[in-house]
Amino acid sequence: SQLRKIEAIRKQIDKLGKPIDLEVDGGIDRVTAPRAIAAGADALVAGTATFTGGPSAYADNIRALRGS
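Structural notes, computed from the coordinates.

Calculation notes
- Residues numbered from 1 in each chain as written.
- Predicted model: local features only at pLDDT ≥ 70, side-chain atom pairs only at ≥ 80, totals over all residues.
- Heavy atoms only, no water.
- Helix = DSSP H or I, 4+ residues; strand = E, 2+ residues; numbered from the N terminus.
- Buried < 20%, exposed > 50% of the residue type's maximum accessible area, 1.4 Å probe, protein only.
- Contact = heavy atoms within 4.5 Å.
- Lys, Arg positive; Asp, Glu negative; His and termini not counted.
- Charge placed at Lys NZ, Arg CZ, Asp CG, Glu CD.
- 1 Å grid on protein atoms, 1.4 Å probe; cavity = no way out; pocket = protein on both sides within 12 Å on 5 of 7 lines; lining within 4 Å.
- Points joined across faces, edges and corners; volume = space filled by probe spheres on them.
- Nonpolar A, V, L, I, M, F, W, Y, C, P; charged D, E, K, R; others polar.
- Core = buried A, V, L, I, M, F, W, Y, C linked by side-chain atoms within 4.5 Å.

1. Thoughts on the overall build of the protein
- When helices and strands are counted, the protein shows four helices and two strands.
- When the backbone C-alpha atoms are referred to their principal axes, the protein occupies close to 45 × 25 × 20 Å.
- In the protein, which comprises 68 residues, the proportion classed as buried is 25%.
- For the protein, restricting intrachain contacts to residue pairs at least 6 apart in sequence, the fraction spanning at least 24 positions comes to 30%.
- Charge-centre separation for the protein: the mean point of 10 positive side chains lies 5 Å from the mean point of 8 negative side chains.

Okay, structure coming up:
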């Protein structure tokens, strides 16, 4: 639901012409991560999506978030 806001903020940042990273925190998972990046996010914070399933699942969760 926040993709339009990410796109709008990305445009504002780009107009400034400064090296500002746009970080998105909240609601990031294997589905929303690529959408947020496509909308203009540079960095993602994915707490629950990373740590669900315990330590044995961390690596797989991160791979899924990265799309690999």
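Next comes the rest of the account.
2. Re the environment of Arg63
- Considering the arrangement of structural elements, one finds Arg63 in helix H4 (residues 58-66).
- Measuring from C-alpha to C-alpha, the distance between Arg63 and Arg30 comes to 9.1 Å, with 33 residues separating the pair along the chain.

3. Section: the environment of Leu44
- The residue Leu44 is located in strand E2 (residues 43-45) in this model.
- The spatial distance from the C-alpha of Leu44 to the C-alpha of Leu22 is 8.6 Å, given a sequence separation of 22 residues.
- Contact partners of Leu44, with chain neighbours within four places excluded, come to Val24, Ile28, Ala33, Ala36 and Ile37.

4. A word on the layout of surface pockets
- Of the voids in this model, the largest pocket is the one considered here, and its volume is about 170 Å³.
- Forming the walls of the largest pocket are Ser1, Gln2, Leu3, Ile6, Val24, Gly26, Gly27, Ile28, Thr32, Arg35 and Ala36.
- Those elements that provide at least two residues to the lining of the largest pocket are helix H1 (3-16) and helix H2 (32-39).
- Among the elements that line the lining of the largest pocket, the one with the most residues is H2, at three residues.
- Residues that form the lining of the largest pocket fall into these classes: five nonpolar, five polar and one charged.

5. Thoughts on the nonpolar core
- Within the largest apolar cluster, 12 residues are counted, these being Ile6, Ile13, Leu22, Val24, Ile28, Ala33, Ala36, Ala39, Ala41, Ala46, Ala49 and Leu65.
- Of all elements in the fold, only H1 and H2 reach the threshold of two or more residues within this core.
- For this core, the element with the most residues is H2, which contributes three residues.
- When near neighbours in sequence (up to four residues on either side) are disregarded, Ile6 contacts Leu22, Val24, Ala36, Ala39, Gly40 and Ala41.

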